[in-house]
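Residues per chain are reported as follows:
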Amino acid sequence: MKVNLSGVSLKGNELKYLKDILQTGILSIGKYTEKFEKMCADYSGRKYGVSVSSGTAGLFLLLLNKNLRENEEVITSPFSFIASSNVIIHAGGYPRFCDIDDDSLCMSAEELKRMVEEEYFKVKGKLVNKKTKRILRGILSVDIFGNICDYETIEKTAKKHNLFLIEDSCEAFGTVKKKRKAGSFGEASVFAFYPNKQITTGEGGMIVTDSKHIYLKMRALRNQGRRDMDLWLDHSYLGYNFRIDEMSSALGVAQMERVDEILKKRGEAADYYSLKLSKIKNVRVPHTPKNQKNGWFVYVIRVNPKRRNSLMDHLIKNNVSVRPYFTPIHTQPCYKKYNHALNDYPVTAQVSKETVAIPFHTEIKRKEQDYVIEKIREFFDD
């Protein structure tokens, strides 16, 4: 048996809507894009949605709107896909890392609070890093593998110290914690719809916010800087072409029509893995925080670092696709100039040596899961 790491679920109106678009000839900024934006905003409990070409593009535009400078920091997680840190640099700022919680794997809210209160001093209302003298401007939190951060603490920290908060929820679409959905935290949030995500548009992302000012600015910046009220070919801002195409939006609408079904299937698959794998002594299954219903992105187990690579080799030899999730951002080759050491963030350093993403997607079959479980048990029984 061969078991793929990820897959897509295209069992709704995707083909019907794509045919409709090809018949009308409207391939960009049409009725499907408008509907998809409204569906995502309503679903996350926000007032506005702005579709973009990727989650990365959405995060970048929100940070670009902050007019960051090289001597200004934004705190984020070192345990993430690299884009969540890259966008800070591309927007002109400096990424300052905060270690993660060992259970949720999200940025530690308590460590964030400690950093802000102990490693900065206030000068004329601004927080200045005691060591580097850089100014702390804000927080870019990252929801990981479907888990969302401890926003009760993070939002209090941001508000107390007058820091902006942007939520990177590219991995947590559909997660609910204490009646608040992923995408409802901070001044704005971003989702991503790559094929391995909870719902997919192929490529694409969505900014959601309650701020009309942010909404209008993001609409302009994603459309070459042209505001809705600008004359044809007049551009109020220096913008970008970060629009989503109408075909991708049509996929998004069809996916959103099935979002509850999709999340239910993913939840059932994750629950089955946890039930079975938790019985294998050397496997640590994913942790879901209290009062949270998970919108599962990937299923990542943790094992002894000394055996992690051997386990992966064993699974690959048995046609089970696996990947390590994640290489710490601060150790990436392109981050060498920042002079970070692996153990600067000890929890991240340890977790990154333990993690293995195993096959997981909406349409994964029970017999495929059983095969994966069998091969993991086989490895540890040897």
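## Considerations on helix α1 (residues 14–24)
Here is step 1: Regarding α1, the residues found buried are Glu 14, Tyr 17, Asp 20 and Ile 21. One side of α1 carries all its buried residues, which in axial view fall inside an arc of 130°. When the buried face of α1 is taken as reference, the exposed residues oriented beyond 90 degrees from it are Leu 15, Lys 16, Leu 22 and Gln 23.
Here is step 2: As for α1, its buried residues are in contact with α2 (31–44) and α8 (246–257).
Here is step 3: Taken from the residues just after α1, Gly 25 is the one with a positive phi, measuring 80°.

## A word on the environment of Ser 9
Here is step 1: Mapped onto the elements, Ser 9 comes out in the segment before α1.
Here is step 2: Judged by its relative accessible area of 5%, Ser 9 falls in the buried class.
Here is step 3: Between the C-alpha atom of Ser 9 and that of Thr 200, which follows or precedes it by 191 residues, the distance is 8.6 Å.
Here is step 4: Setting aside chain neighbours within four positions, we find Ser 9 in contact with Glu 14, Gln 255, Arg 258, Thr 362 and Glu 363.
Here is step 5: Among the polar contacts made by the side chain of Ser 9, one reaches the side chain of Arg 258 at a distance of 3.0 Å.

## Thoughts on the packing of aromatic side chains
Here is step 1: The final tally for this structure, using the stated rule, is 24 aromatic pairs.
Here is step 2: Each ring, one from Tyr 325 and one from Phe 326, has its centre 5.1 Å from the other, and the planes form 45°; the classification is tilted.
Here is step 3: Using a relative accessible area of 13% as the deciding quantity, one classes Tyr 325 as buried.
Here is step 4: The rings of Phe 36, Tyr 43, Phe 173, Phe 191 and Phe 193 are connected pair by pair, giving a single aromatic cluster.
Here is step 5: In this arrangement the basic side chain of Lys 181 is found over the ring face of Tyr 43, its NZ or CZ atom lying 3.4 Å from the centre.
Here is step 6: One Lys or Arg, Arg 366, reaches over the ring of Tyr 272 and ends 3.8 Å from the middle of that ring.

## Some details on unusual backbone geometry
Here is step 1: For the peptide bond that leads from Tyr 325 to Phe 326, omega is -10°, which places it in the cis range.
Here is step 2: Positionally, Phe 326 belongs in the loop between α10 (305–317) and α11 (346–354).
Here is step 3: Unlike most non-glycine residues, Asn 67 shows phi in positive territory, near 50°.
Here is step 4: Here Asn 67 lies in the loop between α3 (55–64) and β2 (72–76).
Here is step 5: The exposed category is assigned to Asn 67, whose relative accessible area is 60%.
Here is step 6: Backbone geometry at Lys 179 places phi at a positive 70°, although glycine is not the residue there.
Here is step 7: Positionally, Lys 179 belongs in the loop between β8 (176–177) and β9 (180–181).

Calculation criteria
- Residues numbered from 1 in each chain as written.
- Predicted model: local features only at pLDDT ≥ 70, side-chain atom pairs only at ≥ 80, totals over all residues.
- Heavy atoms only, no water.
- Buried < 20%, exposed > 50% of the residue type's maximum accessible area, 1.4 Å probe, protein only.
- Helix = DSSP H or I, 4+ residues; strand = E, 2+ residues; numbered from the N terminus.
- Arc of directions from axis to C-beta.
- Contact = heavy atoms within 4.5 Å.
- Polar contact = N/O pair within 3.5 Å; in protein donor to acceptor, adjacent residues only side chain to side chain.
- Phe/Tyr/Trp six-rings, centres within 6.5 Å; stacked < 30°, edge-to-face > 60°.
- Lys NZ or Arg CZ within 6 Å of the ring centre and 35° of its normal.

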